[in-house]
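Analysis of the macromolecular model
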Amino acid sequence: MLSRCFSSVGTRLGSRISGGSLSWLRVAPAAHPVGRSPQRIFAYLPTPAAEGNPFHQVRDMASIKARMEAANQALKEDKMMCYQCEQTKGGTGCTEIGVCGKTPEVAALQDLLIYTVKGLASLAHHARTAAGIEDQEVNTFVNGAIFSTLTNVNFADDRFVEFVNDSRRLHAKLSAKLAAAGVSLPASASESQPWFGSMPHPLAWNSQAAALGGVGDMIEIGMQTGIAARQEVLGETLAGLQELLTYGLKGLAAYVHHAEALGHTDAKVYADVQESLHFLCTPAAADLGAVLDHCFKAGATNFRVMEMLSVAHTSTFGHPVPTPVCLNPVPGKAILITGHDMHDLHLLLEQTAGTGINVYTHGEMLPAHGYPGLKKYPHLAGHYGGAWYRQKVDFASFPGSIAVTTNCVLDPLTAYKNNIFTINETGLSGIPHIKADASGHKDFGPIIRRALELPGYTAEDVQRLPKKKDVTVGFGHNAVLSVAPQVIDAIQSGRLEHIFLVGGCDGSEPQRKYYSKLYQYMPTNTMVLTLGCGKFRIFDQDFGNLPGTNIPRLLDMGQCNDAYSALVVATELAKVFKTDVNSLPLSLDLSWFEQKAVAVLLTLLHLGVRNIRLGPRLPAFLTPEAVGVLVDKFNLIPANVADPAADMKMMMQCK
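Quick caveat, the model's predicted, so the values are computed rather than measured.

1. A look at the overall build of the protein
Check the secondary structure of the protein and you find 22 helices and 14 strands. Looking at the protein as a whole, 62% of its 655 residues qualify as buried. For the protein, long-range pairs separated by at least 24 residues make up 76% of all intrachain contacts whose partners lie at least 6 apart in sequence.

See below:
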């Protein structure tokens, strides 16, 4: 098996595949320049070698045009259009209300926020390149603002009104700095593009002196800034690829924000994000090749960001170490913390020390138990609940207060509405929000006081609840590489035939049972690495150890951003075997849900990783033509959700 896997030749991990024109993207020229009329984009023509991949759907120009026209007509009548996540209605888009619960009003405000931030980012890009002006408040705001529009982060209209007003305030501040430096913007900097429809260039709109008015005015303006105008002018394929870039930026911005909270920043990352947002406001964004180049550039930036966040976590809290985590509660008052933000967990542990309150992690906070700097707190009592989508059941049964640091959060039930608090970019209408002060400190007093008011777990509760086995976390790259000699020996001796990386997001759709069933077909001489909340499909199952070793067959590497750790491990193994990652006995089977997963996927593609399985279904914003490009270049493969046994057979053959 090993020799068969090593016989193929792949792209060396870390080599750049973008930069310059994409000659492999074969798109027929538009029938007329991009203008008020829709640009015509011919169907992607797959190469014969790629036609065996089931992602390929070759369609004639007439059918593409008919579908585009029908979609554009529908968009004019819809209340909203959002297709940024996997759960989007019907796999095409939410047009009445989001499956996540997002209202048309909030959708419009989010569209307006992205629009105004594009203008602010364009101004920041010009200020940086023309005058050497760097504004940290702007840098922090841009990432935080676009993070707030990520799926299941913020549903509060008043918070988005605040974000939009802050964007225009910062725009005025940065404009004043440019004026003081004697730097004028070129006329082309604010030249409107056809895909903005009736709206001016975002930079020009931000500069308008007229007051915005109330939330109603913002919603009305926001309805003119959504996907509809771009699809009508650019067509579904190009508009969707622009969204691919935007969504990738949303995901990496979230990681940047987490690292920044721990004091880690990178000027190049700020510049890259703002340059990409600026690019989407220029004529160059009408070129498919240029858009794809920027998508892969975003993947490169995200790799840099994931590394920065990994360093932020390990330099602050130490490298994760294998640690058993209790899934059973203990008597006492309780706080549940959910999301991804380790900094907030640390603050909460500090502020609850000595209060008699036990702190429990939820969702992707589970890996926190592996960090020495967090596990040292005796009142970090354990983990509670499953994946994010079960929160309405889990939160309703939790007898304490709940702190939401990041996604995913849903509109709360009455049963726990008075117990939940949002932090950072998260927001829920009518729910108390904890803000940081000027120094970055957050006072979690309201969360603590509410926990003390609630009953917590009684001894009777603990006795009554069914007992669960501990789970083990803490297998970051440092821990895994410490046993690398054993892993290498197991591969060479045939005791380890294949490694599976099954990472990404979980969700409620029936198709996601594929990821639960997949493990049933794994031979005992294989290992599985998990990442993200997809781990909750199997995290409490006993896989035993690799034959002849004391190495567990199931290793959880952490949160979704810990894809960086997986890449470090894969790279080191490739070095040992004098090959590349694509030639290792390694299969990547990724479940995607929101924009962080998009950022990770762009990173993998940037690094030239091939044969990635993606499921449970394709992003709605990628047309068959766009998918065809990714299939041809990277052999992107659909997860066979109907037959996981067949997928397992193919992966064991390194296919």
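2. Topic: helix 7 (residues 215-222)
Of all the positions in helix 7, only Met 218, Ile 219, Ile 221 and Gly 222 are classed as buried. For helix 7, the angular spread of the buried residues around the axis is 165 degrees, confining them to a single face. Check the buried side of helix 7 and you find it contacts helix 3 (104-131), helix 5 (157-180) and helix 6 (202-207).

3. Some details on the nonpolar core
By size, the foremost hydrophobic cluster in this structure holds 166 residues, and its most contacted members are Leu 345 and Ile 612. The leading source of residues in this core is helix 8 (residues 227-261), at 15 residues. Once you skip the residues sitting within four places of it in the chain, Ile 612 turns out to touch Leu 588, Leu 590, Leu 601, Leu 604, Leu 605, Asn 635, Leu 636 and Ile 637.

4. Observations regarding the pattern of salt bridges
This model, assessed by the stated rule, comprises 24 salt bridges. Residue Arg 450 pairs with Glu 453 through a salt bridge whose shortest N-O separation is 3.0 Å. Placement of the pair is Arg 450 and Glu 453 together in helix 14 (residues 445-453), with a separation of 3 residues, close to one helical turn. Here Arg 450 falls in the partly exposed class, since its relative accessible area comes to 22%. Notably, a salt bridge pairs Arg 613 with Asp 647, separated by 3.3 Å at the nearest N-O pair. Linking Arg 613 in strand 13 (residues 613-615) with Asp 647 in helix 22 (residues 644-652), this pair joins segments that are 34 residues apart in sequence. For the residue pair Arg 613 and Asp 647, the accessibility class agrees, reading buried in each case. Among the ionic contacts, a cluster of salt bridges with common partners joins Asp 135, Glu 137, Asp 166, Arg 169, Lys 173 and Lys 177.

5. What to know about the environment of Asp 341
For Asp 341, the location among the structural elements is in the loop between strand 2 (333-338) and helix 11 (342-352). A sequence separation of 83 residues divides Asp 341 from Asn 424, and the C-alpha atoms of the two residues are 9.4 Å apart. Only 3.0 Å separates the side chain of Asp 341 from the backbone nitrogen of Asp 344, close enough to count as a polar contact.

6. Considering the packing of aromatic side chains
Overall, the coordinates contain 21 aromatic pairs when judged by the stated rule. Here Phe 398 and Tyr 457 contribute two aromatic rings whose centre-to-centre distance is 6.0 Å and whose plane-to-plane angle is 80 degrees, an arrangement assigned as edge-to-face. Here the residue Phe 398 occupies a position in the loop between helix 13 (391-397) and strand 5 (401-404), and Tyr 457 occupies one in the loop between helix 14 and helix 15 (459-464), the gap between them amounting to 59 residues. An identical accessibility class is assigned to Phe 398 and Tyr 457; each is buried.

7. Focus on the sheet that holds strand 10 (residues 526-531)
As summarised here, the arrangement of the 6 strands in space is 11-10-9-12-13-14, forming an open sheet in which the pairing is parallel. Every interior strand has two partners, whereas the edge strands, strand 11 (554-556) and strand 14 (637-638), have only one. Taken together, the 3 bridges between strand 10 and strand 11 define a ladder with parallel strand orientation. Looking across to strand 11, one finds that Thr 530 is bridged to Asp 556. Across the sheet, helix 22 lies against strand 9 (498-504), strand 10, strand 12 (586-591), strand 13 and strand 14, angled at about 125 degrees from strand 9, the strand it touches most.

8. Focus on the packing of helix 10 (residues 288-317) against helix 20 (residues 595-606)
One way to put it is that helix 10 packs onto helix 20 with a least axis distance of 7 Å and a crossing angle of 105 degrees. Judged by the inter-axis angle, helix 10 sits roughly perpendicular to helix 20. Here helix 10 contributes Cys 295, Phe 296, Ala 298, Gly 299, Ala 300, Asn 302, Phe 303 and Met 306 to the contact with helix 20, which in turn contributes Ala 599, Val 600, Leu 602, Thr 603, Leu 605 and His 606.

9. Thoughts on the sheet that holds strand 6 (residues 420-423)
Taken in spatial order, the 6 strands of this open sheet run 4-3-2-5-6-7, and their pairing is parallel. Among the strands making up the open sheet, the edge pair consists of strand 4 (380-383) and strand 7 (433-434). Two strands pair when backbone bridges link them, and strand 3 (residues 357-361) and strand 4 are joined in this way by 3 bridges, in the parallel orientation. What sits directly across from Val 359, in strand 4, is Leu 380. The strands that helix 14 touches are strand 2, strand 3, strand 5, strand 6 and strand 7; relative to strand 2, the one it contacts most, it runs at about 135 degrees.

10. What about the pairing of strand 9?
For strand 9, the tally of buried residues reaches 7 of 7 residues, placing the bulk of the element in the interior. Because side chains alternate across strand 9, one face comprises the buried residues His 498, Phe 500, Val 502 and Gly 504, and the other comprises Ile 499, Leu 501 and Gly 503, equally buried. Where strand 9 and strand 10 come together, 6 bridges link them in parallel fashion. Paired with Leu 501 across the two strands is Leu 529, which belongs to strand 10. Each parallel crossover has a hand, and for strand 9 linked through helix 18 (residues 513-518) to strand 10 it is right-handed. Pairing between strand 9 and strand 12: 6 bridges, direction parallel. Bridge pairing in strand 12 links Phe 500 to Ser 587.

11. Here's the deal with the environment of Gly 299
By secondary structure assignment, the location of Gly 299 is in helix 10. Look at Gly 299 and you get buried, because its relative accessible area is 0%. Spatially, the C-alpha atoms of Gly 299 and Leu 602 are 4.3 Å apart, while their sequence positions differ by 303 residues. With near-sequence residues (within four places) excluded, Gly 299 lies in contact with Leu 602, Thr 603 and His 606.

12. Some points on the side chain of Thr 149
Relative to the elements of secondary structure, Thr 149 occurs in the loop between helix 4 (136-148) and helix 5. What Thr 149 contacts, discounting residues up to four positions off in sequence, is Gln 84, Gln 110, Leu 113, Ile 114, Phe 160 and Lys 250.

Conventions adopted
Residues numbered from 1 in each chain as written. Predicted model: local features only at pLDDT ≥ 70, side-chain atom pairs only at ≥ 80, totals over all residues. Heavy atoms only, no water. Helix = DSSP H or I, 4+ residues; strand = E, 2+ residues; numbered from the N terminus. Buried < 20%, exposed > 50% of the residue type's maximum accessible area, 1.4 Å probe, protein only. Contact = heavy atoms within 4.5 Å. Arc of directions from axis to C-beta. Core = buried A, V, L, I, M, F, W, Y, C linked by side-chain atoms within 4.5 Å. Salt bridge = Lys/Arg side-chain N within 4 Å of Asp/Glu carboxyl O. Polar contact = N/O pair within 3.5 Å; in protein donor to acceptor, adjacent residues only side chain to side chain. Phe/Tyr/Trp six-rings, centres within 6.5 Å; stacked < 30°, edge-to-face > 60°. Pairing = 2+ DSSP bridges. Axes fitted to C-alpha atoms, helices over the stretch in contact; angles between N-to-C directions. Parallel < 35°, antiparallel > 145°, perpendicular 65-115°, else oblique. Right-handed = clockwise from strand over helix to strand, strands pointing away.

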